[in-house]
Amino acid sequence: MRQRRRLIGAVALVLLIGLLGAPLLALLTAGLDGREVAAGAYLWDVTRFTLLQAGLSAALSVGLAVPVALALAHRPDLPGRRLLLRLFAMPMALPALVGVTGIVGIYGQAGLLSELAGWFELTRFPSIYGLAGIVLAHVFYNLPLATLLLLARLEATPVETWRIAVALGLGARDILRFIDLPAIREVLPRILSLVFMLAVASFTIVLTLGGGPGATTLEVAIYQALRFDFDPGLAARLAILQVAVSLLVAFAAGRSAVPMLVEAGTGKGRGRPQAGSRWRDGAIIGLAAVFVLGPLAAVVAGGLSRSLPSLLVDPLVMRALATSLVIGIAAACLGLIAAYALALAAAAGPARFYDVVSLVTLVVPSVVIAAGWYLLAHRLGVAGWATAPLVVLLNVLMAIPYAASVLIPAVRALAERQDRLAVSLGLTGWRRFRLIDGPLLKRQMALAFGLAGLVSLGDLGIIAIFGGDGLVTLPLLLYQRLGSYRTGDADALALVLMALTLALAWMLPRSVAGDPTP
């Protein structure tokens, strides 16, 4: 049994290495090609801007999340608190283009705030495109994430600590100084590293709100070098630099990693004594709620009031919708199979090794892998017919980390509990899966399938490299409509994409209801 699992893992590992190694080798050979010379100043400018926008995004996101998390921790009995925290988690489930559409609808030159300023004869808002817009969009997505992570740590403070604080008569300032701030400092480096890494790897937000050569990150520069200039040498050098930066950031994040709870709003902080200003906490929570939920409300309002009916019968939109669903379902199915194969191998071999292998594609950005396969497909002369299969396979690679993170611990625990029983009954292979593993893992498999589907459904990086008139998905069509300033169509498409992803995300908790262990 263990030998069979190791063989399955070896096959999955060879395929994974091939899908990752081939494009990286293609990029390396293109980067070493002396005929293509990239300007060193351009590489430095792009790298500098990549790190600058990531640093600003991380500092603002986490800096603003600290008072919001403290205010939420102070008010465990706030009416609607659990619903608010669920709404805070919504941006994490949405494709970046949906949030960008809402942000443009609020803060753009034709957005709500600009119109309000015009009514009062005030100076109109500056352009949303550029560094300010990129950082604003990153804060919109990462402020809720940082808040939930900080709140989870604050709520993990033991009840005994609060009893001692009450017995000592500690006031609000003392609680902040001796209890809350040490808890925050414990997880702050990890959260800062996480948000910084997310901003470094951001593609969609920068591509949409970049605003020109002065606001371009490494990933966007790779896309531009391939699709606009077809300069493989420059694209390869940028990709190699992107991988190096990603590895350094991932290493720094790993060095600062600490154990951290990720579930907030469960009422674990109810032992906390009421302290601090109720009005101040309410104002902070209200402003954060408006900032996070405003763009989502703008997407709903804009989508319902404009082009939705006519867009739903547009043949191009229907084709893009069908393409997105086909790619998403195919990638989710194949990603589930690949993740299960890695999980079987992890149950029979060095589990830590397969844990690390499953996370490799989080370190190597999707745009880099897509760029390598784009060059390879053109070199081999298969760029036409192989485009759609490559898009599916690359989405599978991006989905594996999420599916494997669910299946590897579940399969490992199941093997420890059921292997002896299966051997005694002579159950192996498909019979064992049908009678034992499948029924006991159905919740975890449903969650893994859903997460893989969410990743594929909202992808723009891969389809931006390979897509065209013959292959268009909803995110690519939405990006094209935003780029051509067809805001009515963009709002409606963003609403459709938002509805699809939220419907899938809404089904995920139902698929894992009950005991999470097999």
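Structure's up top.
Residues numbered from 1 in each chain as written. Predicted model: local features only at pLDDT ≥ 70, side-chain atom pairs only at ≥ 80, totals over all residues. Heavy atoms only, no water.

Enquirer: Would you explain the overall build of the protein chain in this entry?
Expert: Scanning the protein chain from N- to C-terminus turns up 23 helices and 0 strands. Here the protein chain, with 518 residues, has 53% of them falling under the buried criterion. Here the contacts in the protein chain between residues at least 6 apart in sequence split such that 84% fall between residues at least 24 apart. Accessible area for the protein chain stands at about 23500 Å²; split by element, carbon and sulfur atoms hold 68% of it. (Helix = DSSP H or I, 4+ residues; strand = E, 2+ residues; numbered from the N terminus. Buried < 20%, exposed > 50% of the residue type's maximum accessible area, 1.4 Å probe, protein only. Contact = heavy atoms within 4.5 Å. Areas by Shrake-Rupley, 256 points an atom, 1.4 Å probe, with all protein chains shown as cover.)

Enquirer: Which parts of the structure should I look at to understand the pattern of salt bridges?
Expert: Oppositely charged side chains can pair when the atoms bearing their charge come close. According to the stated counting rule, one finds 5 salt bridges in the structure shown. Residue E155 is joined to R81 by a salt bridge in which the shortest nitrogen-to-oxygen separation is 2.8 Å. Note that E155 is positioned in helix α7 (residues 131-155) and R81 in helix α3 (residues 81-88), a separation of 74 residues in sequence. Under the relative-accessibility criterion, E155 is labelled buried at 4%. (Salt bridge = Lys/Arg side-chain N within 4 Å of Asp/Glu carboxyl O.)

Enquirer: Got a minute to help me understand the packing of helix α15 (residues 315-348) against helix α20 (residues 429-457) in this structure?
Expert: Each pair of packed helices gets described by two things: the angle between the helix axes and the distance between those axes. The geometry of α15 relative to α20 is characterised by a closest axis approach of 8 Å and an angle of 135 degrees between their N-to-C directions. With respect to α20, the element α15 is oriented oblique. α15 and α20 meet at a crossing whose hand is right-handed. Between α15 and α20, the residues in contact are S324, G328, I329, A331, A332, C333, L336 and Y340 and F433, D437, L441, M445, A448, F449, A452, G453, S456 and L457, respectively. (Axes fitted to C-alpha atoms, helices over the stretch in contact; angles between N-to-C directions. Parallel < 35°, antiparallel > 145°, perpendicular 65-115°, else oblique. Left-handed = near helix turned anticlockwise from the far one by under 90°.)

Enquirer: Would you explain the packing of aromatic side chains in this entry?
Expert: The geometry of an aromatic ring pair comes down to the distance between the two centres and the angle between the two planes. Counted by the stated rule, this structure contains 5 aromatic pairs. On the numbers, 5.5 Å between centres and 70 degrees between planes, the contact of Y223 with F228 is edge-to-face. A relative accessible area of 8% places Y223 in the buried class. The exposed category is assigned to F228, whose relative accessible area is 56%. Ring pairs connect the aromatic residues F203, Y223 and F228, which therefore count as one cluster. (Phe/Tyr/Trp six-rings, centres within 6.5 Å; stacked < 30°, edge-to-face > 60°.)

Enquirer: What should I look at first to understand the environment of V396 in this one?
Expert: Within the fold, V396 resides in helix α19 (residues 387-425). Measuring from C-alpha to C-alpha, the distance between V396 and S456 comes to 7.8 Å, with 60 residues separating the pair along the chain. Beyond its immediate sequence surroundings of up to four residues, V396 is in contact with A331, L334 and G335.

Enquirer: Even after reading the chapter, I still don't get helix α5 (residues 96-107), so can you show me in this structure?
Expert: Over its 12 residues, α5 runs 16 Å from end to end, which matches the ideal 16 Å to within 8%, given 1.5 Å per residue. For α5, a buried count of 10 out of 12 residues is recorded, marking the element as mostly surrounded by other parts of the structure. All buried positions along α5 are accounted for by L97, V98, G99, V100, T101, G102, I103, V104, I106 and Y107. (Expected span 1.5 Å × (residues − 1).)

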